[in-house]
Amino acid sequence: MDIFNCRLGIRDGDIDNYFYIYFPLENRMKNKLRKITVDNNEYLYLIRFDYYSIGANQLTLTIFLNGHKRTPLVLDFLTLDDYHLGQPLNVGVQLLNVKTNEPVQVNIHEPKYIREFILLAIKNGWTGINKIDNQNGLDYLTEMGFDVSPIQPPNLQRWWAEEAVFKDALADAAFPIANTLLTKQGTFSPFAAVITEDGAILNLTNETQEDLSRNEVINNLKNIVKAGTITNQYVGCVIVYTDKVVNLFTNKTIDAVAIYYESTQEKKRWIYFYPYRFTAKKKLTYLRCWATVADKEVFI
């Protein structure tokens with residue numbers, strides 16, 4: 001797992017102590033792969049849920065040319081979450097085909113849609129052996145002629161864009177500082193960064209933290225952010241600190257950089273854990289990361 005996959009991306013949830021984990025592609029695919037042949041080429045694919053949020057649900061379709069699992073086509077379908085049925089494209093949902101002006105029951109599990117996604121991706125430049133970014137699955141459905149507005153979360157584009165801006169900006173401001181301090185000092189005191197409505201990034205520290213425990217400093221920083229939410233109109237924050245945690249992948253205790261994230265946009269707070277170690281040559285190395293979610297404490 002790389003840091004990009006585990007950076008502060010759009011991750012929300014409504015279950016306390018829920019763990020969001022990116023596994024290596026080969027592990028996620030075990031016993032879940034299906035096969036399909038398109039134009040005499042064999043492809044393998046799987047359908048999974050990347051995350052669950054209040055009011056929104058994401059289904060991810062991963063397809064790769066047989067023998068080339070490192071260069072997959074990944075389609076993310078971020079949709080409304082149906083209260084009774086969950087992810088609509090997983091169980092089937094009626095969408096209007098604007099090309100024929102007829103309603104169609106769309107279920108991503110049907111091979112005919114997998115085939116169309118592959119053909120459309122090839123048309124857009126994917127060969128099966130070249131790397132491409134994750135694709136917006138709803139854009140693919142739209143290009144296929146479907147009106148996807150009934151399954152889009154409210155203000156989807158605004159929410160998605162704003163949340164990405166908040167998290168990327170805060171991560172870009174905070175993580176390099178933590179990385180530098182770790183490299184030079186081997187540890188560091190907790191610090192925070194906030195983003196205002198106009199996009200300004202401010203770094204915060206606790207001036208009286210010398211005689212305080214790590215948790216006391218963290219709580220003080222949360223209180224500082226709370227106090228400034230009205231006067232400075234903060235819309236997001238990260239609190240960065242080091243911690244000893246149990247590595248979810250090895251079940252061993254390890255040092256980690258923890259990044260606590262909250263914003264006005266998301267329904268929950270996230271803590272992203274980046275386990276690290278120093279090599280024999282004192283080089284800082286990060287391992288696979290994970291995150292936990294729980295109720296917000298600052299923007300409430």
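Check the entry above for the structure.
Residues numbered from 1 in each chain as written. Predicted model: local features only at pLDDT ≥ 70, side-chain atom pairs only at ≥ 80, totals over all residues. Heavy atoms only, no water.

**Examining the nonpolar core**
Counted only if it meets this: By nonpolar core is meant a set of buried Ala, Val, Leu, Ile, Met, Phe, Trp, Tyr and Cys residues that side-chain atoms within 4.5 Å join together. Each residue is placed in one exposure class: buried if its accessible area under a 1.4 Å probe, protein chains only, is under 20% of its type's maximum, exposed if it is over 50%, and partly exposed if it falls in between. Secondary structure is summarised from DSSP: a helix means a run of H or I of at least four residues, a strand means a run of E of at least two, and numbering begins at the N terminus for each. Between two residues, a contact is recorded if the distance between any of their heavy atoms is within 4.5 Å.
In terms of nonpolar packing, the biggest core is built from 31 residues, with Leu61, Ile63, Phe77, Leu89, Ile108, Phe117 and Leu141 touching the most fellow members. Of all elements in the fold, only strand E2 (34-38), strand E3 (41-53), strand E4 (56-65), strand E5 (73-80), strand E6 (93-97), helix H4 (111-123) and helix H5 (137-143) reach the threshold of two or more residues within this core. The element contributing the most residues to this core is H4, with six residues. Ignoring anything within four residues of it in the chain, the contact list for leucine 141 reads Phe77, Leu89, Val106, Phe117, Phe146 and Val148. Among the nonpolar cores identified, the runner-up in size contains 24 residues, and Phe175, Leu182, Phe188 and Ile259 belong to it.

**Some thoughts on the packing of aromatic side chains**
Quick reminder of the rule: When two rings of Phe, Tyr or Trp (its six-membered ring) have centres within 6.5 Å they constitute a pair, described as stacked for plane angles under 30 degrees, edge-to-face for angles over 60, and tilted for the intermediate range.
As enumerated under the stated definition, the model contains ten aromatic pairs in all. For the pair phenylalanine 77 and phenylalanine 117, a centre-to-centre distance of 5.6 Å together with 50° between the ring planes defines the contact as tilted. Here the residue phenylalanine 77 occupies a position in strand E5, and phenylalanine 117 occupies one in helix H4, the gap between them amounting to 40 residues. Take phenylalanine 77 and phenylalanine 117: they sit in the same class, and that class is buried. Members of the aromatic cluster, connected to one another through ring pairs, are Phe175, Tyr274, Tyr276, Phe278 and Tyr286.

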